[in-house]
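# Tertiary structure, described
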Amino acid sequence: MKVGVIGVGSMGQNHARVYSEIADLVGVADPDMKAGGAIANRFSVSYFPDHRALLKEKIDAVSICVPTKLHYKIGMDAIAAGKHLLVEKPICGHIERHNPVVDSAKRHLEGGTWGDLITAGARRVSNFPDRIRDVGVIMDLAIHDVDVLRYLVGSPVSTVFAIGGRQRHEAFEDHATIVLSFENGVNGYVEANWLTPMKVRKLGLTCLKNFVELDYTAQTLTISSSTLGPLDPANLFQVPLDFDIRHVNLRKEEPLKRELADFLRAVKERGSPLVSGADAVETLRVVQAAVESQRSGKVVHPSAAR
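We now turn to the structure provided with this report. Values in this document were obtained by computation on a predicted structure and should not be read as measured data.

To continue, consider the overall build of the protein. Helix and strand counts for the protein stand at eight helices and 13 strands. Taken over the C-alpha trace, the protein has a radius of gyration of 21 Å; the compact-globule value for 306 residues is 19 Å, and the two agree within 12%. Considering only C-alpha atoms, the protein reaches an extent of 80 × 40 × 35 Å along its principal axes. By the burial criterion, 49% of the 306 residues in the protein qualify as buried. Long-range pairs, those at least 24 residues apart, make up 62% of the contacts in the protein with a sequence separation of at least 6. Taken as a whole, the protein presents about 15200 Å² of accessible surface, with 52% of it coming from carbon and sulfur. Treating the 37 positive side-chain charges of the protein as one cloud and the 36 negative ones as another, the clouds have centres 4 Å apart.

What follows is the structure, given as structure tokens:
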């Protein structure tokens, strides 16, 4: 499969690296000659200062990894050129769905191993990234967990309420907490910020049989349950609880490599990727609703979000 990468910033560089390992990377495009030339030299491919020149090459597909505000224009150029395209988030690049822990959780939930899902809560926090200037933390970070929650719950989001604010970012919110109500009765929340002096990427699932914590970074699952023994009502300080806690370490795999391999498979087979365009649009609607709710202070229905 012959591929190209448009935009070689932080994510684009990684797309180029992975493609060089699993496909035939033909070239990269970026208006920054220094950055684009460096990546082209690293992987011994052609460099194009204009993405339209790359799209004229004999390539099957491209990854579009430019700033968010340019996604539509460049995406439409790729479509007009007849190329298959993967657009980085907030459109279709939902990398966490390809994380092995999410894949494992989906299988356990569908199989009923942990019992019915009741609530799901995610925390995605870290330091302020200087590279993000055109969107806030909801669109940049929280979108990952909104998409994962939609995927695991398997039901449309009915309402969204978000609170947050701006501490350091010049124009957009840099901390937010989002509450999601799903049509099947499950509730979820996502906490995201750029203000925490450490990186946390975790998701907790409260189910009827187990409480499960997913660590996206370590790619581990912690599965907990408890059994209550005979209770002495005169001694509530010592409650006889027996805990069963299991730690599962999955075989570590790079989510981006899984994502791009899935994309190329869909191109080759002319089938659907794990995250289809229509599916990704629904996640985007929920995130737009969260941005609107955070600004207005009101509950927003995703279908009505602007």
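Another point: the nonpolar core. Ranked by internal contacts, the top residues of the largest apolar core, which has 48 residues, are I138, L152, I178, L180, L203 and L205. Of all the elements, helix α6 (residues 137–153) adds the most residues to this core, at twelve residues. Ignoring any residue separated from it by four or fewer positions in sequence, one finds I178 in contact with I138, A142, V160, F161, A162, G188, Y189, V190 and A290. Counting residues in hydrophobic clusters, the runner-up holds 21 residues, among them V8, F43, V45 and C65.

Spatially, eight strands are ordered β7-β8-β9-β6-β10-β11-β12-β13 in an open sheet, and the strand pairing comes out mixed. In this open sheet, the two edge strands, each paired with only one partner strand, are β7 (157–165) and β13 (241–249). Taking each pair of neighbouring strands and ignoring which way they run, the sheet shows an average axis angle of 15°. In terms of strand pairing, strand β8 (residues 175–182) meets strand β9 (residues 187–193) through seven bridges, oriented antiparallel. Note that in β9 the partner of A176 across the bridge is A192. Sheet strands touched by α6: β6 (117–125), β7, β8, β9 and β10 (200–207). Its angle to β9, the strand with the most contacts, is close to 155°. Contacting β7 and β8, helix α8 (residues 277–296) runs over the sheet at an angle of about 45° to β7.

Cut-offs used in this document
Residues numbered from 1 in each chain as written. Predicted model: local features only at pLDDT ≥ 70, side-chain atom pairs only at ≥ 80, totals over all residues. Heavy atoms only, no water. Helix = DSSP H or I, 4+ residues; strand = E, 2+ residues; numbered from the N terminus. Rg over C-alpha atoms; globule rule 2.2 N^0.38 Å. Buried < 20%, exposed > 50% of the residue type's maximum accessible area, 1.4 Å probe, protein only. Contact = heavy atoms within 4.5 Å. Areas by Shrake-Rupley, 256 points an atom, 1.4 Å probe, with all protein chains shown as cover. Lys, Arg positive; Asp, Glu negative; His and termini not counted. Charge placed at Lys NZ, Arg CZ, Asp CG, Glu CD. Core = buried A, V, L, I, M, F, W, Y, C linked by side-chain atoms within 4.5 Å. Pairing = 2+ DSSP bridges. Axes fitted to C-alpha atoms, helices over the stretch in contact; angles between N-to-C directions.

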